[in-house]
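Coordinates in review
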Amino acid sequence: MDDLPIKNGIVIPAHELEISASRSGGPGGQHVNKTSTRISVRWNISTTHALTEEQKARVLQKLSHKLTDDGELIVHSSASRSQVQNKDMALAQLAQEVRQALHVPKKRMATRISKAVKEQRLQKKSQRSFIKKMRGKKFED
């Protein structure tokens, strides 16, 4: 098994990933009952050497609802009848979840509406108001 690349040079070493196979649930008859195609991938975030302390803290905080009490992230895949395809999908899903957890959103820069734009908006409003006023009935005394 190879190391799992995440992004920007961050790579999870293969020895930190624990991959196990079990029987899938759902329809499939005899095939489901006798083959172990469901793949579970476990990765302990709190003991990993792939991430810095800041990155660990960010991932632990973002994925807290998906972690076990020991700080392990577990991903299951049983979509395919092939164990190899399920393994690839589970590793890809793990990488995607960690990638999303590591994403740092940009700070929003507050912007101001320029004076010219405000003037233009007010000009259009008064123009529209005039058009609507002209549609009304005119009463002459």
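Our subject in this report is the structure included herewith. Predicted, not measured: the structure shown is a model, and the values here were computed from it. (Residues numbered from 1 in each chain as written. Predicted model: local features only at pLDDT ≥ 70, side-chain atom pairs only at ≥ 80, totals over all residues. Heavy atoms only, no water.)

**Quick look at the overall build of the chain**
What counts is decided by this rule: Counting from the N terminus, the helices are DSSP H or I runs at least four residues long and the strands are E runs at least two residues long. Each radius of gyration reported is based on C-alpha atoms, and the globular scaling rule is 2.2 Å times the count of residues to the power 0.38. Partly exposed residues are those whose accessible area sits between 20% and 50% of the maximum for their type, while under 20% is buried and over 50% is exposed, using a 1.4 Å probe and protein chains only. Two residues form a contact once any of their heavy atoms are found within 4.5 Å. Note that accessible areas follow from Shrake-Rupley with a 1.4 Å probe, and for residues the cover is restricted to the protein chains shown.
Secondary structure summary: the chain contains 4 helices and 5 strands in total. Ordered by position from N to C terminus, the α and β elements of the chain give β-β-β-α-β-α-β-α-α. Its C-alpha atoms give the chain a radius of gyration of 29 Å, more than 25% over the compact-globule value 14 Å for 141 residues. Counting every position in the chain, which comprises 141 residues, the buried fraction comes to 28%. Within the chain, counting contacts between residues at least 6 apart in sequence, those at least 24 apart form 57% of the total. As presented, the chain carries roughly 10800 Å² of accessible surface, and 50% of it is formed by carbon and sulfur atoms.

**A few points about the side chain of S77**
Short version of the rule: Identification of polar contacts relies on pairs of N or O atoms within 3.5 Å, with a donor-acceptor requirement for protein atoms, meaning one able to donate a hydrogen and the other able to accept it, and with residues adjacent in sequence counted only if both atoms are side-chain atoms.
With respect to the secondary-structure elements, S77 resides in strand β5 (residues 72-77). Overall, S77 belongs to the buried group, its relative accessible area being 7%. Within the local environment of S77, its side chain forms a polar contact with the backbone oxygen of N86, the two atoms lying 3.4 Å apart. Dropping the residues within four chain positions of it, S77 is found in contact with T37, R38, I39, N86, M89 and A90.

**What about the side chain of T48?**
You can see T48 is positioned in the loop between β4 (38-44) and α2 (53-62). Taking relative accessible area as the criterion, T48 reaches 1% and is therefore assigned buried. T48 has contacts with E16, W43 and K56, leaving out every residue within four places of it along the chain.

**Quick word on a positive patch on the surface**
Quick note on the threshold: Note on patches: the residues involved have over 30% relative accessible area and no salt bridge, like charges join within 9 Å, and the nonpolar side chains Val, Leu, Ile, Met, Phe, Trp and Tyr join within 5 Å. In the sections that follow, a salt bridge refers to a side-chain nitrogen of Lys or Arg positioned within 4 Å of a carboxyl oxygen of Asp or Glu. The convention is simple: Lys and Arg are positive, Asp and Glu are negative, and His and the chain ends are not counted. By convention, the charge on Lys lies at NZ, on Arg at CZ, on Asp at CG and on Glu at CD.
A surface patch of positive charge is lined by R112, K118, R121 and K125. Here R121 lies in helix α4 (residues 115-135). R121 sits in the partly exposed class, given a relative accessible area of 47%.

**Details of the pairing of β4**
Operational definition: Between any two strands, at least two bridges found by DSSP are needed for them to pair.
Within β4, 5 of the 7 residues are buried, leaving the element largely enclosed by the surrounding structure. As paired elements, strand β3 (residues 17-22) and β4 share 6 bridges and run antiparallel to each other. Note that in β4 the partner of S22 across the bridge is R38. In this sheet, β5 lies alongside β4 in antiparallel orientation, the contact comprising 6 bridges. Each bridged residue has a counterpart across the sheet, and for S40 the counterpart in β5 is H76.

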